[in-house]
Amino acid sequence: MVVEEMNLSGVFLITPKRFGDERGFFAESWNMRSFAERGIDTEFVQDNHSLSTSEGTVRGLHFQAPPHAQAKLVRCGRGRIFDVAVDIRRGSPTYGKWYGVELSFENGKQVLIPEGFLHGFMTLEPGSEIIYKCSDYYAPECDGAVRWDSCGIDWPLVSHDPVLSGKDAAAPVFSEFDTPFQY
Ligand SMILES: Cc1cn([C@H]2C[C@H](O)[C@@H](COP(=O)(O)OP(=O)(O)O[C@H]3O[C@H](C)C(=O)[C@H](O)[C@H]3O)O2)c(=O)[nH]c1=O
């Protein structure tokens, strides 16, 4: 397993080892002990799985506010996505900075996004699925969102306007957003 810390402190790119043979491959997608040995000791309590049927679907940018803030360990089980994290911890030296990476079934990469970050992604192929672990349970009363196109993110170009949920289309822009997180 290769673990790299990204330019946003606390955001890690993880590439589990794949054991290939004539049947295909095997990989440990998460192992608490192996991750802790590499400095990632986040405890997860919920696993999520979403399918986006269209290329150019954007889900995000979302967060859960304290006391139910979530760290997430995100991987792409089918297809390809551009996954993004944005630092929204007031007082952070990287406040408002974003990090994006392509996650795919092919590259098997995962991204660890700490509490205090927005998370979102754009699908780059139809039928893309993400599977991601969360460090706290779903708490709709703490759910929050910022408009996907208001943080200066260099999203990949797709051939049409993004497919968005009503919630995401109506989310506030970053400049009008009052973060609940303190660095
Ligand atoms: C997140 C969540 C949702 N739901 C229910 C609530 C809705 O009835 C339905 C769809 O929820 P939503 O439209 O919020 O799903 P996404 O737009 O994929 O939201 C997620 O997408 C971004 C990328 C994230 O990082 C978050 O985990 C999450 O906000 O699932 C649950 O029952 N449990 C949950 O943990």
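Look up: the structure comes first, before these words.
Just so we're clear, the structure is a prediction, and the values are computed from it rather than from any experiment.

S.K.: Mind laying out unusual backbone geometry, listing which residues take part and the relevant values?
M.R.: The residue after Gly 60, namely Leu 61, is reached through a cis peptide bond having omega 0°. Inspection of the secondary structure assignment puts Leu 61 in strand β6 (residues 58-64). The omega torsion across Pro 66 and Pro 67 is 15°, close enough to zero to call that bond cis. For Pro 67, the location among the structural elements is in the loop between β6 and β7 (72-78).

S.K.: Could you give an account of empty space enclosed by the protein, naming the residues involved and the relevant values?
M.R.: This structure, assessed with the given rule, holds 1 cavity of 30 Å³ or more. In this model, the largest cavity occupies a volume close to 50 Å³. In terms of lining residues, the largest cavity is bounded by Phe 63, Gln 64, Ala 69, Gln 70, Lys 72, Ile 113, Glu 115, Gly 116, Phe 117, His 119 and Phe 181. Of all the secondary structure elements, the ones that give two or more residues to the lining of the largest cavity are β6 and β12 (117-123).

S.K.: Give a description of the layout of surface pockets that names residues and reports values.
M.R.: In this approach the atoms are scanned with a rolling probe the size of a water molecule, which exposes any empty space left behind. Roughly 420 Å³ of volume is contained in the largest pocket. Looking at the largest pocket, it is lined by 20 residues, and the ones nearest its centre are Asn 48, His 62, Lys 72, Tyr 132 and Lys 167. Listed by contribution, the elements that provide at least two residues to the lining of the largest pocket are β5 (46-52), β6, β12, β13 (128-134) and α2 (166-169). Among the elements that take part in the lining of the largest pocket, β6 stands out by supplying 4 residues, more than any other. Here the residues of the lining of the largest pocket sort into 6 nonpolar, 9 polar and 5 charged. Within this model, the second largest pocket holds a volume of roughly 180 Å³. A total of 3 residues in the lining of the second largest pocket trace back to one element, the largest contributor, which is β7. Taken together, the residues of the lining of the second largest pocket sort by class into 5 nonpolar, 5 polar and 4 charged.

S.K.: Kindly report on the site of the ligand, identifying the contributing residues and their values.
M.R.: The ligand sits among Gln 46, Asn 48, Arg 59, His 62, Lys 72, His 119, Phe 121, Tyr 132, Tyr 138 and Lys 167. Contact distances for the ligand include 2.5 Å between an oxygen atom and a side-chain N or O atom of His 62. Between the ligand and Tyr 132, the relevant distance is 2.8 Å, taken from an oxygen atom to a side-chain nitrogen or oxygen of the residue. If the ligand stood free it would expose 660 Å²; the protein chains cover 64% of that surface. Taking a 2 Å distance to the grid points as the criterion, the majority of the atoms of the ligand fall inside the largest pocket. Where the shell around the ligand is concerned, the elements lending two or more residues are β5, β6 and β12. Class assignment of the residues belonging to the shell around the ligand gives a composition of 3 nonpolar, 4 polar and 3 charged.

Criteria and cut-off values
- Residues numbered from 1 in each chain as written.
- Predicted model: local features only at pLDDT ≥ 70, side-chain atom pairs only at ≥ 80, totals over all residues.
- Heavy atoms only, no water.
- Helix = DSSP H or I, 4+ residues; strand = E, 2+ residues; numbered from the N terminus.
- 1 Å grid on protein atoms, 1.4 Å probe; cavity = no way out; pocket = protein on both sides within 12 Å on 5 of 7 lines; lining within 4 Å.
- Points joined across faces, edges and corners; volume = space filled by probe spheres on them.
- Nonpolar A, V, L, I, M, F, W, Y, C, P; charged D, E, K, R; others polar.
- Near = heavy atom within 4 Å.
- Polar contact = N/O pair within 3.5 Å; in protein donor to acceptor, adjacent residues only side chain to side chain.
- Areas by Shrake-Rupley, 256 points an atom, 1.4 Å probe, with all protein chains shown as cover.
- Sits in = over half its atoms within 2 Å of the grid points.

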